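# Structural features, examined
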Number of protein chains: 2
Amino acid sequence: MSRGGASRARPAAPVLSIRPTAVRLIGKESVITDSTPRTVRELGEFALIARMNGGRSQSAGVLLGPGDDAAIVAAPAGRYMVSTDMLVQDRHFRLDWSSPEDIGRKAIAQNAADVVAMGAAPSAFVVSLGCPADTPVEFVDRFVEGLWREAHRAGGSIAGGDVVRSPLLVISVTAFGDPPDRPVLRSGAHPGDIVAVAGRLGWSAAGLAVLAAGIDPAKFPEIVAAHRVPQPPYGTVLGMPADAPITAMADVSDGLLADLGHIAESSGIAIDVDSDALTDPALRPAADLLGADLTAWILTGGEDHAFAATFRAGQPLPAGWAPVGRVGTGSGVTVDGTPWTGPVGWESFAEGG
Amino acid sequence: MSRGGASRARPAAPVLSIRPTAVRLIGKESVITDSTPRTVRELGEFALIARMNGGRSQSAGVLLGPGDDAAIVAAPAGRYMVSTDMLVQDRHFRLDWSSPEDIGRKAIAQNAADVVAMGAAPSAFVVSLGCPADTPVEFVDRFVEGLWREAHRAGGSIAGGDVVRSPLLVISVTAFGDPPDRPVLRSGAHPGDIVAVAGRLGWSAAGLAVLAAGIDPAKFPEIVAAHRVPQPPYGTVLGMPADAPITAMADVSDGLLADLGHIAESSGIAIDVDSDALTDPALRPAADLLGADLTAWILTGGEDHAFAATFRAGQPLPAGWAPVGRVGTGSGVTVDGTPWTGPVGWESFAEGG
């Protein structure tokens, strides 16, 4: 991987009707000069890898970065956290809706959030990129810039990766983190605990709805930006005092009800959320314009990568956490004491999904 | 990721002319019963993840396996090796040439070889799978079986992953290993060192040529098998005594000349290989039938994941290593003292590649 792009592939005649896609970019003006090769085919794999790694400083935890068969990362606690996600073009991002920087930032953010959701500080990431041979070098430059920007924000660096040819853009990120003495699992919630959320909910779903409806993104710039690049509140989680009364945590990637459902199932408890605690007036104008259900955005919209957690009652919540519900005995997640009748969140292989 | 498949995706209208591909399987008879859901859409993402993880035992190094936001892996040495690779359908494997088990084994083997090429013992892997919604559950079952079989062979287990919907099959593997006290880098070769190889060279290229020519695989079963599933000699590397006089190492994924080129460049030395030491009579019948250049297969065929290394002269080579050349001053790789004029190996974005 630190070799970074050496595909072990062999040429093979295509047997399927997949045509390479044209990659067109949106976002800020090009920084490419006339002498820059225009496509990754022109530049070549090994020059591309050198370009992706050039001029970057690894974080202290990366003991050996790109350039050999494998990277070496420090694990001062004697163990490390690992989380991985794949993003597929037109499924997890659209080139007409997101800039290359946005896509890079989102790919890192959603993986960093998984590591932080265990209470661990991100240390490093490895990234594989599959792309058509006619992908503009500018796309890769700006995508890599987005990767690094979010990696720095989360507290790590890009320790290596792979670049391969693919008929459409595919991105795979694996994130690493240094675990705390006591990782925060999904399975620790107890009846009586307070359910709380750090970060925004429903913003990404609202931004998607604005884009899908063809509304000018400039009408709701913050909401659309939240869809393009999630902003997990890493610091709110990692800044909690070591004796914070947290009992369970997950990041909200599939939707609040779905992810609280994972906590409920893992912990063998029930959760009831209070819809009044979950409204967000900032989303109201977009919901009204679109005739959308604001509560559904907040309860079932994923991808904001907020954090949902449970805390022992009777102690103040750490800074940045807002109470939204209560843990009880039983199983499942209810809203204001009654079952939620709509869809609860994302399912990869469902018809709509 | 140990959550394993929770895509943070949102539905998005396709904007490109990519049609999902039909996944057809070759290989051993189906073990699926009538009551098994036929496709991953029918089964559903979360049931699929449960099925992929069911009945498996993690290796001792995996402290927390699938089921939370991240896995936790032990790093007894206080640091860990990381390598990652992406495999794309029809680019790195073909469903009409390889069984699902083969594809799973190959995906793990090529990543495990990168970790072993640093002298590190594989400990764990995470795997992301992108696949069409109509992918047979049987494909996933058999692919996962292949992953686990090769992971066990390499000495690790599958600690987590992700499953997402994709119009074609895409696999991303990240491999982890426990570094030895002194990792074997590419940069340690010195003039006078002996160049040696452990494992087979040219077999994968020969097997590909047999398949591509439409020759009945039964005529060359071992050679075709070598293309479908590389057999890196993990034990030959990991079984070397701690005081073995090894100075540099790489796995042969791009072709011997290309990968020795990486060692030469990293070490600032020249390498000359002896073509007589590199012939392989077992490949001769296939080369003769196809009118192929046997030497080119051996010198430039990748994907066998043999290991190439340099050793201090004057000491016996460890068991399983065959001398194939010599390190000198200068730069670049020559064959019998002269430059190689053909292509040296794989390049992801080249026209033929």
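Residues numbered from 1 in each chain as written. Chains lettered and ligands numbered in written order. Predicted model: local features only at pLDDT ≥ 70, side-chain atom pairs only at ≥ 80, totals over all residues. Heavy atoms only, no water.

### Thoughts on the pattern of salt bridges
Residues and elements named next belong to chain B. Under the criterion given, the structure shown has 26 salt bridges over all chains. Across the pair R51 and D141 runs a salt bridge, and its minimum N-O distance is 2.7 Å. A residue pair is termed long-range when its members are at least 10 positions apart, and R51 in helix α2 (residues 45-53) and D141 in helix α4 (residues 137-154) qualify at 90 residues. For R51, a relative accessible area of 33% gives the class partly exposed. Residue class for D141 comes out partly exposed when judged on its relative accessible area of 23%. (Salt bridge = Lys/Arg side-chain N within 4 Å of Asp/Glu carboxyl O. Helix = DSSP H or I, 4+ residues; strand = E, 2+ residues; numbered from the N terminus. Buried < 20%, exposed > 50% of the residue type's maximum accessible area, 1.4 Å probe, protein only.)

### Some remarks on the domain arrangement of chain A
Residue and element names in this part refer to chain A. Split by domain assignment, chain A resolves into domain 1 (61-177) and domain 2 (193-339). Between the C-alpha centres of domain 1 and domain 2 the distance comes to 24 Å. At the junction of the two partners, domain 1 supplies 21 residues and domain 2 supplies 17 residues. Counting each side, the surface lost to burial between domain 1 and domain 2 is near 1,600 Å², with a carbon and sulfur contribution of 62%. Of all residues in domain 1, the largest losses of buried area upon contact with domain 2 belong to W97, K106 and V116, amounting jointly to 38% of the total for that side. Note that K106 and E303 form a salt bridge whose closest N and O atoms lie 2.7 Å from each other. Where domain 1 packs against domain 2, one counts 4 residue pairs in polar contact (both at pLDDT 80 or more). For the side of domain 1 that touches domain 2, the secondary structure elements donating two or more residues are α3 (100-116), β4 (121-131) and α4 (137-154). The element contributing the most residues to the side of domain 1 that touches domain 2 is α3, with 9 residues. Considered class by class, the residues forming the side of domain 1 that touches domain 2 number 11 nonpolar, 4 polar and 6 charged. (Domains from an automatic or database assignment. Contact = heavy atoms within 4.5 Å. Buried area = accessible area lost by both parts, 1.4 Å probe. Polar contact = N/O pair within 3.5 Å; in protein donor to acceptor, adjacent residues only side chain to side chain. Nonpolar A, V, L, I, M, F, W, Y, C, P; charged D, E, K, R; others polar.)

### Considering the confidence of the model for chain A
On average, residues of chain A score 89 in pLDDT, and 89% of them reach the 70 mark or higher. Note that residues 1-19 of chain A has pLDDT below 50 and, in this model, 95 contacts with residues that lie over four places away or in other chains. (pLDDT = per-residue confidence, 0-100.)

### A few points about the sheet that holds strand β1 (residues 62-64) of chain A
Read from one edge of the open sheet, 6 strands run β1(A)-β2(A)-β3(B)-β6(B)-β4(B)-β5(B), paired in mixed fashion. On the outer flanks of this sheet lie β1 of chain A together with β5 (157-165) of chain B, each paired with one strand and no other. Strand-to-strand twist of the sheet, defined as the mean angle between neighbouring strand axes without regard to direction, takes the value 25°. Note that strand β4 (residues 121-131) of chain B and β5 of chain B share 8 bridges and pair parallel. What sits directly across from S128 of chain B, in β5 of chain B, is D162 of chain B. Relative to β4 of chain B, α4 of chain B is tilted by about 165°, and along the sheet it contacts β4, β5 and β6 (170-178) of chain B. (Pairing = 2+ DSSP bridges. Axes fitted to C-alpha atoms, helices over the stretch in contact; angles between N-to-C directions.)

### What to know about the pairing of strand β6 (residues 170-178) of chain A
Residue and element names in this part refer to chain A. Summarising burial for β6: 8 of the 9 residues are buried, a large majority. Two elements, β4 and β6, share 9 bridges in a ladder whose sense is antiparallel. Within the sheet, the bridge partner assigned to V127 lies in β6 and is V173.

### Here's the deal with the UniProt feature "binding site: Mg(2+) 2" (unreviewed entry) in chain A
Residues and elements named next belong to chain A. UniProt feature "binding site: Mg(2+) 2" (unreviewed entry): in the numbering of this structure it lies at D85 and D114. Taken together, the annotated residues stretch across 30 residues yet fold into one region, lying no more than 9.6 Å apart by C-alpha. Inspection of the secondary structure puts D114 in helix α3. A relative accessible area of 0% places D114 in the buried class. (UniProt positions renumbered as here; feature names shortened; annotations may be inferred.)

### Section: α3 of chain A
Between its first and last C-alpha, α3 of chain A extends 24 Å over 17 residues, near the 24 Å set by a 1.5 Å rise per residue. Across the 17 residues that make up α3 of chain A, a large majority, 17, are buried. (Expected span 1.5 Å × (residues − 1).)

### Structural notes on the sheet that holds strand β1 (residues 62-64) of chain B
A sheet is described by the order of its strands in space; here 6 strands give the open sequence β5(A)-β4(A)-β6(A)-β3(A)-β2(B)-β1(B), paired in mixed fashion. On the outer flanks of this sheet lie β5 (157-165) of chain A together with β1 of chain B, each paired with one strand and no other. For this sheet, the mean inter-axis angle between neighbouring strands, taken without regard to orientation, is 25°. Against the sheet, α3 of chain A makes contact with β3 (79-88), β4, β5 and β6 of chain A, and its axis sits at roughly 145° relative to β3 of chain A, the strand it touches most. Lying on the sheet, α4 of chain A is in contact with β4, β5 and β6 of chain A; it crosses β4 of chain A at an angle near 165°.

### Details of the packing of α3 of chain A against α4 of chain A
All names here are of chain A. In contact at an axis separation of 7 Å, α3 and α4 are set at 35° when each is read in the N-to-C sense. Considering the relative orientation of α3 and α4, their crossing is right-handed. Across from P100, E101, I103, G104, R105, I108, A109 and A112 in α3, the residues of α4 making contact are F139, R142, F143, G146, L147, R149, E150, A151, R153 and A154. For the contact of α3 with α4, a count of residues per class yields 10 nonpolar, 2 polar and 6 charged. (Left-handed = near helix turned anticlockwise from the far one by under 90°.)

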